Amino acid sequence: MRLRRIEVRDFRKLQHLVVEGLGDGLNVVVGDNEAGKSTLLAALRAVLFERHRVGGRAAQGMLPFGQSVRPEIRLDFDLGGEAWRLRKAFVQKPEAELESPRGRWSGDEVEEKLAELLGFTPPGAGGSKPGEHQGAYGLLWVQQGTAHEALGVGAGREGIAAALETEVGQVLGGERGRALLTAAERRRADHWTKLDKPRGPWKELREEVEELEARQADLRRRWEAHDGKVSDLAARQEALARHEREDSLGQAQRDLAAARVAEGQAARLEQGLREAEGRRKLAAAARDAAEGRRAARAALVGRRDAAARALASAQEEAGALRGVLEAHDAAARGAAGRLAEARGARDRATERLAAGERALRRQEAREALGRLEAQLRGAEEAERRRRVALAGAAAVAITAAALKEVEALAQARDRTLARSQAASVRIDFAPDDGRAVTVDGRAQDAGAPVWLAADAEIMLEGFGRLRVRPGGGAGDLAREAEDAGRALAERLAALGVADPAEARAALQRRLACEGEAEAQARLVEALAPQGIEALQAAVAAQRSVLDEVGDGIGEADAAVVEAARADLHAAMGTVAGVEAEAKAAEAARVAADRDLATLEGRTAGLAREHEALGAELAEARAAVPDEALEAALGQAGAELLAAEAAEGAARAALEASDPEVVRLEMKRAERAEQAIRADIDRLGREKRDLEVELGALGREGVGEQLAEVEGLLELRRRQLGLRGQEAAASKLLHEALVAAQSESKDRWLGPVREKVRPYLRLLQPDTDVVLNETTLEIEGFRRDGREEAFHDLSIGAREQVAVVTRLALADILRGAGRSAAVILDDALVNTDEARLSRMHLVLHRAAENLQVLVLTCRERDFRQLGAPLVRIR
Amino acid sequence: MAFRFIHTADWQIGKPFAHVAGDPGAELRSQRIRTVQRIAELAAEAQVDAVLVAGDAFDSNEVADRTIFRTVEALKPFGGTWVFLPGNHDAALAHSVWTRARAMGLPDNIVIADRPEPVDRWNGRATVLPAPLRRRREVMDQTDWFDEAPSPEGSCRVGLAHGSVAGRLPDRGDSSNEIRDDRAERARLCYLALGDWHGALRIAPRTWYAGAPEPDRHKANDSGHVHLVTLDGPGAPERVEMRAVGHFAWVRLEVELLGTCDKAIQALEALGRDPRACVVSLVLKGSVSLSERDRLERALALWEARLHHLDADLGGLVDDPSADDLDALDTAGFVRLAVERLRARAQDPADPEAAAARMALRMIYLDHLRGAEG
Ligand SMILES: [Mn+2]
């Protein structure tokens, strides 16, 4: 669309204005605000978009202030290669006319034709609003003071979208696509929550499957438990049947009964043994008692006899003691008389001894001298004899060894002679009185035997001759004896003695002389222990002592003194003896007297005891005679033997019955019976319990329920599988649609970016405009790769970006065959000079393809633009 | 005089069908008991001598008391002898559904064959030799004793066992509860009534599986019947009639789609039975465009209401947005960008979110359609 001529009459402040000669490209319309520059834009909108019949505020808004006129607007424009003329009059007699080379329309037809031509939606009633009713013209015709605001795409979106679709294809899918997306969203929402969790029937199905699985598990558990219980029941039944089949309880009971019988027998045997034992013990006690009684009787007799003996002996002793007492009395009297005599004799002897002793001391001195002298003499004589004996001993040649040799030879001779005699014949003679015997002509003493070793002839008187021939060997032995005799004789001759006896005698002599010499030597030593010379000196000394004593009165007689001393001694001895005698006699008498008294007391006691025992014994015997005691003892002994025999028999019987075996068997049988009975009871109880339990389970029909749940579960699982697929598919579908839509939007806005870029390059390189793909409004501005929100930009930048975007969108509409003029009413008032010149380049570039009307009050700003200028007044 | 009986097994009363939610599941459960009642009525009509239940009458030993009670109630129409054999699901354990049933007090005509002892209740005409399982898995062949089991002269010997016949059944890896394939021969049986295999099957001479009377799984085998057996005498061949008693048809449909969903809808339309009695497992594979997928889902919602139960497994069905789909999206701009990207991911087998991307495309496609509609 290209505007060519605009004529306005009675529209707001414009009484009449004509703008003509508008070119294809850039046109500048200069006029200050008072001149009605912006009213011109309003008139343009009114003629195109307001219905000519519009009333109310929209109509009132067209009238000049306070006037009632008929606003009228004429517009000539080119569209689709044809020239169009449009005229509308408002308020009073509203009119509309549209004319083109191909036709002419008037009235309401005009409105329809315009909407069709320009692609807008006229309002149902009231005034037309740019954003709602004017299609792309709401976007492309910028009113003064709004250039820096949002584009206000509004109803223009459809047209642009359509234009974009012709450019990039049907990327967004249109209404149908949105409906499918909505359906897919709903499908997805049927299955998924916003957080992608299952929901709705799908979720319920999942829950039902879970619940069924739980029920199935529970039922299966119960079913298996049921199965196990059936097996348990079978085991119980089998065990019970086995008990019955084997009659195990009956067997046990029979065993037990037999064991009880055996046990009863054993108990009786044991009881019998105990009784026999008791009887044996009783018999033993009875026997012991009888024995005790007999022993007691014997003891009583013994005590009585002992008492009798003791009494007799005591009486005898007492008699003896009385004799003794009398003797002691007499002895005591005699001793007193002798004591007086002895004391007289002792006094006299004392006098005699004193006289004799005085004489004797002299005598003793003399005698001591005489004794020493005799001693000396004796010693000298002994010395002499010792020397003689030593000479005698020396005279004998035979020694003890020589004698031994001789005796050995003599023994040899005697031995050989004896052997010779043993081998010889001994002949004893017993002649009749007086008859003689000669042997080999020699007379023979008939009383002595004759030994014949060789043949001999014996002449027996009165008888004749008798020749004797001794047997073998006698002759040799006789010769041996002769040789031995010769050896002896030769030795004797050598010693100078006749026979062994003489040799022994000579040796005796020699030994005697040696003994004599020794004896004399000992005598000398006894007499003169200090030697003979010392003795001689002692003699000399005594002589001198006697010489000193001299002679006294009277001649002392030692015998008399000694007799007197002996007398005194004897008399004193007598006195002492008699005194002791008297004392002893008295003591003996007192002791005898005491002993007698004691003995007599004892005798009396013994007599009483004897009497009592005798009485006791008599009494006992009167009660039970000795014979009866004996008889009782015999009887008890016999009974004990019988009882012992009976006990032995009972014990043997008990042992024969083997009570240990009986006891063990009894225990076993009891336990077995109990165990089997308990087992049967337990089995029966368990069987009943199981039957009850199974009966209860049967009523519920667990198996049936399980099969049912399993079938249902299978069905639900299948359904769940389908539902799951649906859920997955719904999600997949929605995601696919959303992804496709998002990508499409990217492509969708591609052309806008393409168109904006050349303008922006002129204004500021490396920048981009970010549009909302749905509203097509500007969202931001990308500079050096950084995006800034549109409303954060400076006001100047905002109006520049907005103008550039509008130009780009107009380009796109043109590309789709919907070429529309762009009108900018003081759209760049906030742009500095430098930018403004760049914007001039932008406008020029846009004007190459578009018709651009710049309405401005600043002529200066656009004088250099190089575009035709139209001034309005 | 002939001996006539019904051979059935594998009722598995108490099986929960919990994967079928709500009322249809409850209906499946209660139908099993109604089918038992149907068997009782059939037995009364046919005036048989006995009904032999060859194991797994109950789904487990742990079914509810009320389930046992209701089952015993359902037996009432037939007053003749019922012989129940404990199978692996309801093995004669120490405590089992059988001990519990006995504790509730059972009528005299119900025999629980939980011991390997001959059952002779027909005046010597027949002797039933049961091989109860007393554990869930027996290692020894429980029918060994049949060979030496005594029976009166002229009596028809009928074996009753639960397990797999050695080496004859497919899909049987384990070797527990095995039964010799020549047991009928060795034990001179007129008929060996077996349970455990849910389809009706003559597996060896005189050796039969009756199959489950009420189907309970999507397996292409012949279940839903009982055997009405007539034995004319020890030497005579057995006469076996199959009688349908099952109510629900368990149908498994596997359809491979290429671009459009027509084949799936055609398969459902071709069921040829009262849809209310059909339990359908529909497994779809292949790929469809988004518009076809939308159509398919609307159709399945319809069939879900029509059938007793529809279990549609679309796990193997891949969305293959066609150019038309994307054109229909009629989008430009970012939506097209998103769709192109999702499509690239959906088509990249290495992308872990390929499936989610496919679903996302389906979603935006549906959103778009709904937007267009309203
Ligand atoms: Mn089984």
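Structure: see above.
None of the values given here were measured: they were computed from a predicted structure. (Residues numbered from 1 in each chain as written. Chains lettered and ligands numbered in written order. Predicted model: local features only at pLDDT ≥ 70, side-chain atom pairs only at ≥ 80, totals over all residues. Heavy atoms only, no water.)

## Some remarks on the overall build of chain A
Item 1. Within chain A, the regular secondary structure consists of 20 helices and 20 strands.
Item 2. In chain A, which comprises 873 residues, the share counted as buried stands at 39%.
Item 3. When contacts within chain A are restricted to residue pairs at least 6 apart in sequence, those whose partners lie at least 24 apart make up 72%.
Item 4. Working note: accessible area of chain A is about 47000 Å², and carbon and sulfur atoms make up 51% of it. (Helix = DSSP H or I, 4+ residues; strand = E, 2+ residues; numbered from the N terminus. Buried < 20%, exposed > 50% of the residue type's maximum accessible area, 1.4 Å probe, protein only. Contact = heavy atoms within 4.5 Å. Areas by Shrake-Rupley, 256 points an atom, 1.4 Å probe, with all protein chains shown as cover.)

## Considering the coordination of the manganese ion
Residues and elements named next belong to chain B.
Item 1. Around the manganese ion, the protein contributes the donor atoms D56 (OD), N88 (OD1), H162 (NE2) and D196 (OD), at 2.0 to 2.3 Å from the metal centre.
Item 2. The sequence pattern describing where the donors of the manganese ion fall on their chain is D-x31-N-x73-H-x33-D. Residue N88 is located in the loop between β3 (81-84) and α3 (97-104), and its partner H162 is located in strand β6 (residues 156-162); the two are separated by 74 residues in the primary sequence.
Item 3. Since its relative accessible area comes to 2%, H162 is described here as buried. (Donors = N, O, S within 2.8 Å, 3.2 Å for Na, K, Ca; no water.)

## A closer look at the interface of chain B and chain A
Item 1. Every contact between the two is made by 40 residues of chain B and, on the other side, 48 residues of chain A.
Item 2. Between chain B and chain A, the buried area comes to about 3600 Å², and carbon and sulfur atoms account for 65% of it.
Item 3. Applying the counting rule to chain B against chain A returns four salt bridges.
Item 4. The residue E743 of chain A makes a salt bridge to R341 of chain B at a minimum N-O spacing of 2.5 Å.
Item 5. The tally of links between chain B and chain A comes to seven residue pairs in polar contact (both at pLDDT 80 or more).
Item 6. Secondary-structure elements contributing two or more residues to the side of chain B that touches chain A are α2 (65-74), α8 (333-346) and α9 (354-373) of chain B.
Item 7. The leading source of residues in the side of chain B that touches chain A is α9 of chain B, at 10 residues.
Item 8. When its residues are assigned to classes, the side of chain B that touches chain A shows 20 nonpolar, eight polar and 12 charged. (Buried area = accessible area lost by both parts, 1.4 Å probe. Salt bridge = Lys/Arg side-chain N within 4 Å of Asp/Glu carboxyl O. Polar contact = N/O pair within 3.5 Å; in protein donor to acceptor, adjacent residues only side chain to side chain. Nonpolar A, V, L, I, M, F, W, Y, C, P; charged D, E, K, R; others polar.)

## A short note on the pairing of strand β19 (residues 852-856) of chain A
Residues and elements named next belong to chain A.
Item 1. For β19, the buried fraction is high: five of the five residues fall into the buried class.
Item 2. By the alternation rule, side chains of β19 split into V852, V854 and T856 and L853 and L855, which are all buried.
Item 3. Note: strand β3 (residues 26-30) against β19, five bridges, orientation parallel. Note on β19: the bridge partner recorded for V30 is T856.
Item 4. Relative to β19, strand β18 (residues 822-825) is paired through four bridges, and the arrangement is parallel. Paired with D825 across the bridge in β19 is L855.
Item 5. Crossover handedness for the path β18 to helix α19 (residues 833-847) to β19: right-handed. (Pairing = 2+ DSSP bridges. Right-handed = clockwise from strand over helix to strand, strands pointing away.)

## Examining the packing of aromatic side chains
Item 1. In this structure the tally under the stated criterion is 17 aromatic pairs over all chains.
Item 2. Centre to centre, the rings of W82 of chain B and F84 of chain B are 6.1 Å apart; their planes meet at 10°, and the pair counts as stacked.
Item 3. Connected via pairs of aromatic rings, a cluster forms that spans W11, F58, F78, W82, F84 and W98 of chain B.
Item 4. When the ring centre of Y759 of chain A is taken as origin, the NZ or CZ atom of R845 of chain A, which lies over that ring, is 5.7 Å away.
Item 5. If you follow R306 of chain B out to its NZ or CZ, it ends over the ring of W303 of chain B, 4.4 Å from the centre. (Phe/Tyr/Trp six-rings, centres within 6.5 Å; stacked < 30°, edge-to-face > 60°. Lys NZ or Arg CZ within 6 Å of the ring centre and 35° of its normal.)

## Let's talk about the pattern of salt bridges
All names here are of chain A.
Item 1. Evaluated as defined, the whole model comprises 108 salt bridges over all chains.
Item 2. R9 is paired through a salt bridge with E7; the nearest N and O atoms lie 3.1 Å apart.
Item 3. For E7, a relative accessible area of 10% puts it in the buried group.
Item 4. Among the ionic pairs, E207 bridges to K203, the shortest N-O distance being 3.8 Å. Within this pair, E207 and its partner K203 are both found in helix α8 (residues 200-246), separated by four residues, close to a single helical turn.
Item 5. Through salt bridges with shared partners, one network takes in R70, E72, R74, R87, E95, E97, E99 and R104.

## Notes on the packing of helix α1 (residues 22-46) of chain B against α2 of chain B
Residues and elements named next belong to chain B.
Item 1. Packing of α1 against α2 leaves a shortest axis separation of 8 Å and a crossing angle of 25°. Relative to α2, the element α1 lies roughly parallel. α2 is crossed by α1, and the crossing has right-handed handedness. Here α1 contributes S30, I33, V36, Q37 and A40 to the contact with α2, which in turn contributes T67, R70, T71 and A74. (Axes fitted to C-alpha atoms, helices over the stretch in contact; angles between N-to-C directions. Parallel < 35°, antiparallel > 145°, perpendicular 65-115°, else oblique. Left-handed = near helix turned anticlockwise from the far one by under 90°.)

## Considerations on the nonpolar core
Item 1. With 101 residues, the main nonpolar core has L3, L48 and W141 of chain A as its most contacted residues.
Item 2. Beyond its immediate stretch of four places on either side in the chain, L48 of chain A contacts M1, L75, L86, K88, L114, L118, F120 and W141 of chain A.
Item 3. Listed in part, the 31 residues of the second largest apolar core include I6, A43, I68 and L228 of chain B. (Core = buried A, V, L, I, M, F, W, Y, C linked by side-chain atoms within 4.5 Å.)

## Comments concerning the sheet that holds strand β8 (residues 141-142) of chain A
All names here are of chain A.
Item 1. Ordered by their spatial adjacency, five strands build an open sheet running β8-β18-β19-β3-β20, and the pairing between neighbours is parallel. The strands lining the two open edges of the sheet, one partner per strand, are β8 and β20 (869-871).
Item 2. As paired elements, β8 and β18 share two bridges and run parallel to each other. Looking at β18, one finds that W141 is bridged to I823.

## Structural notes on the side chain of E383 of chain A
Item 1. Among the structural elements, E383 of chain A can be located in helix α9 (residues 248-394).
Item 2. Leaving out residues up to four positions away in the same chain, E383 of chain A has contacts with V524 and I532 of chain A.

## Thoughts on helix α11 (residues 474-495) of chain A
All names here are of chain A.
Item 1. Taking 1.5 Å of rise per residue, 22 residues should cover 32 Å, and α11 covers 32 Å from first to last C-alpha, within 8% of that figure.
Item 2. What α11 keeps buried is the set A474, A478, A481, A484, L488 and L492. Looking straight down α11, one finds its buried side chains confined to an arc of 125°; they lie on one side. Counted as exposed and oriented over 90 degrees from the buried face of α11: E490, A493 and A494.
Item 3. Positioned one or two residues after α11, G496 has a phi angle of 85°, which is positive. (Expected span 1.5 Å × (residues − 1). Arc of directions from axis to C-beta.)

## Comments concerning the environment of R333 of chain A
Item 1. Tracing the sequence through the fold places R333 of chain A in helix α9.
Item 2. In sequence terms R333 of chain A and A585 of chain A are 252 residues apart; their C-alpha atoms lie 8.7 Å from each other.

## Comments concerning the sheet that holds strand β14 (residues 249-259) of chain B
Residues and elements named next belong to chain B.
Item 1. The three strands are arranged β14-β15-β16 in an open sheet whose pairing can be described as parallel. Sheet topology places β14 and β16 (309-319) at the edges, where each strand pairs with a single neighbour. The mean inter-strand angle of the sheet, taken between neighbouring strand axes irrespective of direction, is 10°.
Item 2. Examined bridge by bridge, β14 and strand β15 (residues 278-288) share 11 bridges and lie parallel to one another. Looking across to β15, one finds that E254 is bridged to V283.

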